[in-house]
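Here's the letter readout for the chains.
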Amino acid sequence: MEQEHQRRVRYKGTHPRSYQEKYKELNPDRYQQDVEKIIRSGKTPAGMHRPICVQEILNFLNIQPGQIGLDATLGYGGHSRKLLERLEGQGHLYATDVDPIESEKTRERLASLGYGPEILTIRRMNFAQLDQVAPGVLFDFVLADLGVSSMQIDNPERGFTFKQEGPLDLRLDPTTGIPAAQRLRELDREELTAMLIENADEPYASQIAKAIRQQYKKGGRIDTTVQLAQIIAQALSFLPQAEIKKSCQRTFQALRIDVNSEFEVLYAFLEKLPLVLKPGGRAAILTFHSGEDRLVKKSFQALCRQGIYQDVARQVIRPTPQECAQNPRARSVKLRWAIRGNTTISSTDP
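The following paragraphs examine the structure supplied in this document. (Residues numbered from 1 in each chain as written. Predicted model: local features only at pLDDT ≥ 70, side-chain atom pairs only at ≥ 80, totals over all residues. Heavy atoms only, no water.)

Quick word on the nonpolar core
Inclusion rule: To define a nonpolar core, start from buried Ala, Val, Leu, Ile, Met, Phe, Trp, Tyr and Cys residues and group those joined through side-chain atoms within 4.5 Å. Three labels apply to residues, based on accessible area from a 1.4 Å probe with only protein chains included: buried if under 20% of the type maximum, exposed if over 50%, partly exposed otherwise in between. Elements are defined by DSSP. Helices are runs of H or I of four residues or more, strands are runs of E of two residues or more, and each kind is numbered from the N terminus. By the convention used here, residues are in contact when the closest approach between their heavy atoms is within 4.5 Å.
Grouped together as the largest cluster of nonpolar side chains are 34 residues, with contacts concentrated most on L168, L184, I212, I222, L228 and L255. Secondary-structure elements contributing two or more residues to this core are α6 (180-186), α7 (189-200), α8 (205-217), α9 (225-235) and α10 (241-259). The residues touching I212, leaving out its near neighbours within four places in the chain, are L184, L192, I222, L228 and I231. Listed in part, the 32 residues of the second largest apolar core include V133, L266, V276 and I285.

Considerations on the packing of aromatic side chains
Put simply, the rule reads: Only rings of Phe, Tyr and Trp enter the pairing, Trp through its six-membered ring, and a pair is recorded when the two centres are within 6.5 Å. The plane angle decides the type: under 30 degrees is stacked, over 60 is edge-to-face, the rest tilted. Two thresholds decide whether a charge sits over a ring: the Lys NZ or Arg CZ must be within 6 Å of the ring centre and within 35 degrees of the ring normal.
Scanning all chains against the criterion turns up six aromatic pairs. Between the aromatic rings of F300 and Y309, the centroid separation amounts to 5.4 Å while the plane-to-plane angle is 75°, which identifies the pairing as edge-to-face. Neither F300 nor Y309 differs from the other in exposure class; each is buried. The ring centre of F60 lies 5.0 Å from the NZ or CZ of R282, which sits over that ring.

Here we look at the pattern of salt bridges
A side chain with one charge can pair with a side chain of the opposite charge if their charged atoms come near. The condition that has to hold: Salt bridges are identified by distance alone: a Lys or Arg side-chain nitrogen within 4 Å of an Asp or Glu carboxyl oxygen.
Summed over the entire model, instances satisfying the criterion amount to 19 salt bridges. A salt bridge links D173 to R124; its shortest N-O distance comes to 3.3 Å. Placement of the pair is D173 in the loop between α5 (150-154) and α6 and R124 in the loop between β3 (120-123) and β4 (139-145), with a sequence separation of 49 residues. K272 is paired through a salt bridge with D131; the nearest N and O atoms lie 3.5 Å apart. Of this pair, K272 sits in helix α11 (residues 262-272) while D131 sits in the loop between β3 and β4; the two residues are 141 residues apart in sequence, bridging distant segments of the chain.

Everything listed here is a matter of coordinates, which is why it stays silent on function.
Have a look at this one:
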């Protein structure tokens, strides 16, 4: 039976107002000219993610056809696509991602470009398990982009943004763990304050924590992104609007890190990273906030002193001013790298 054609739902006015109405941006292959116009304006189209520091990463990794690599954070697949291009159909790229929603979309997108299972293996798993991605295989290169994908941020149903109403979820994998709304109820004032400071260096942590706990004491709820943002705004009403917005961003960042155990996951990843690299193998990591960068920097430096890495980045590499102007989400990015040495790691080494 022939399927009846259904017209798309048209939005009111000249511009889409909600995420669901952005039919052009959410189907970039069909509306390439519109997407390119959005990108030229310095914005990221909804439902897309623009890879950051691509040339800097490629310059460092120096990928050769026939090599075996790992993209530990697949996301939209922008970096993976560039890595695959450098392999020229030889060798293999493994990729991991915990997001069951976006990873399958990316698999289909890359397959349509000719990158099937003969050259690309995608595993839905946490990158802390990188030693289980391909047991027995040592990688020539490893890339990890620690940022949250734009697709996740833009979709209000995922709860990553306070700019639109949505459930306060913040889980990278919505099929496991507990949502941010539940986690927030479990933390007392002291724990909330500590979380905001440790995960986001929030200067007004105590005021925000007090306001959140008072909301619960009054019998109120904090189930949506907008509700949390409004409580933060009320607690910090003595600040300019721009500063309140920054505190909202930091609070959501801190809560997301906590819900997904991101520091613990990153620590495990850094600990196992040299175990899966060939001697001379290269690793590049993109970080998006100071907490992540400190962990990466300390790990690379400590393992370099032990001879496990033969060289590490002495200074961070940042996106060019031109890239930051075209993609505002690149502004906070820091790129660090390490090259595996020949030292054997014993069971007593970290």
